[in-house]
Structure formats: structure tokens, C-alpha cells
Amino acid sequence: MEIIRKVAEECDLVHGFQFVHSISGGTGGGFGSLIMDNIRQEYSDRIIKSYSIYPALSMSQVVVCWEYS
């Protein structure tokens, strides 16, 4: 929350927050929900938009990698 607060303070005007997270375990279900709940409490007058990724019924054999810079 400290990092989110710091980034929000650097903005001229915060309209809301967007999340892209997984539903099936890992950090998407529990940790993502915790972060959204904390943001909802601290920034109750802001929009929170969430995009959830659900697991596929079958696994693909293709591995996709990219480098973010």
C-alpha cells in the first residue's frame, strides 16, 4: 500500500485503479483481493476496475515470453 500511495500522490488527479489478475490461486485470488480491498478502504471515492483471467479447460503446449522494458 505504501508504493500505491506514493504513486497516487505523484499523479495530478487519480480517477481510479485498474487490476488484471488471475482467479485460480497463486497471488491473483487472495493477494489481489486484499490489495483491492485496501485500496477500496483508502480511496473509497475512486473507481476500481478489475479484469479477471480464468484458467483454461485445457493446457496449451505453447510458451509465450516477452521482455518488458
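Throughout what follows, the structure given in this document is the object of discussion. Bear in mind the structure is a predicted one, so any value in this text is a computation, not a measurement.

**Some points on the overall build of the protein chain**
- For the protein chain, the count of helices and strands is two helices and two strands.
- The N-to-C order of helical and strand elements in the protein chain reads α-β-α-β.
- For the protein chain, the proportion of its 69 residues judged to be buried stands at 16%.
- Contacts spanning at least 24 positions in sequence make up 71% of the contacts within the protein chain whose residues lie at least 6 apart.
- For the protein chain, the accessible surface area stands at approximately 6200 Å², while carbon and sulfur atoms represent 57% of it.

**Section: the nonpolar core**
- Judged by nonpolar contacts, Ala8, Val14, Phe17, Phe19, Ile35, Met36, Ile39 and Tyr43 together constitute the single largest core of eight residues.
- Elements with a minimum of two residues in this core: β1 (16-22) and α2 (30-42).
- The residues touching Tyr43, leaving out its near neighbours within four places in the chain, are Ile4, Arg5, Ala8 and Phe17.

**Thoughts on the environment of Val14**
- Positionally, Val14 belongs in the loop between α1 (2-10) and β1.
- With relative accessibility at 14%, the residue Val14 sits in the buried group.
- Those residues in contact with Val14 that lie beyond four places of it in its chain are Ala8 and Arg46.

**What about a nonpolar patch on the surface?**
- Where nonpolar side chains cluster on the molecular surface, the patch consists of Val20, Tyr51 and Ile53 and spans about 300 Å² of accessible area.
- Within the element layout of this structure, Tyr51 appears in strand β2 (residues 47-53).
- Residue Tyr51 is classed as partly exposed on the basis of its relative accessible area, which comes to 39%.

**A look at the pattern of salt bridges**
- Across all of its chains, the model carries two salt bridges by this definition.
- Between Arg5 and Glu42 there is a salt bridge, with its nearest N and O atoms 2.7 Å apart. Taken together, the residues Arg5 in helix α1 and Glu42 in helix α2 connect sequence positions 37 residues apart.
- A relative accessible area of 30% means that Arg5 is categorised as partly exposed.
- When its relative accessible area of 37% is taken as the criterion, Glu42 is described as partly exposed.
- Its salt-bridge partner being Arg46, residue Asp45 comes within 3.0 Å of it at the nearest N-O pair.

About the thresholds
- Residues numbered from 1 in each chain as written.
- Predicted model: local features only at pLDDT ≥ 70, side-chain atom pairs only at ≥ 80, totals over all residues.
- Heavy atoms only, no water.
- Helix = DSSP H or I, 4+ residues; strand = E, 2+ residues; numbered from the N terminus.
- Buried < 20%, exposed > 50% of the residue type's maximum accessible area, 1.4 Å probe, protein only.
- Contact = heavy atoms within 4.5 Å.
- Areas by Shrake-Rupley, 256 points an atom, 1.4 Å probe, with all protein chains shown as cover.
- Core = buried A, V, L, I, M, F, W, Y, C linked by side-chain atoms within 4.5 Å.
- Patch = residues over 30% accessible without salt bridge, like charges linked within 9 Å, V, L, I, M, F, W, Y side chains within 5 Å.
- Salt bridge = Lys/Arg side-chain N within 4 Å of Asp/Glu carboxyl O.

Keep in mind these numbers describe shape, not what the thing actually does.
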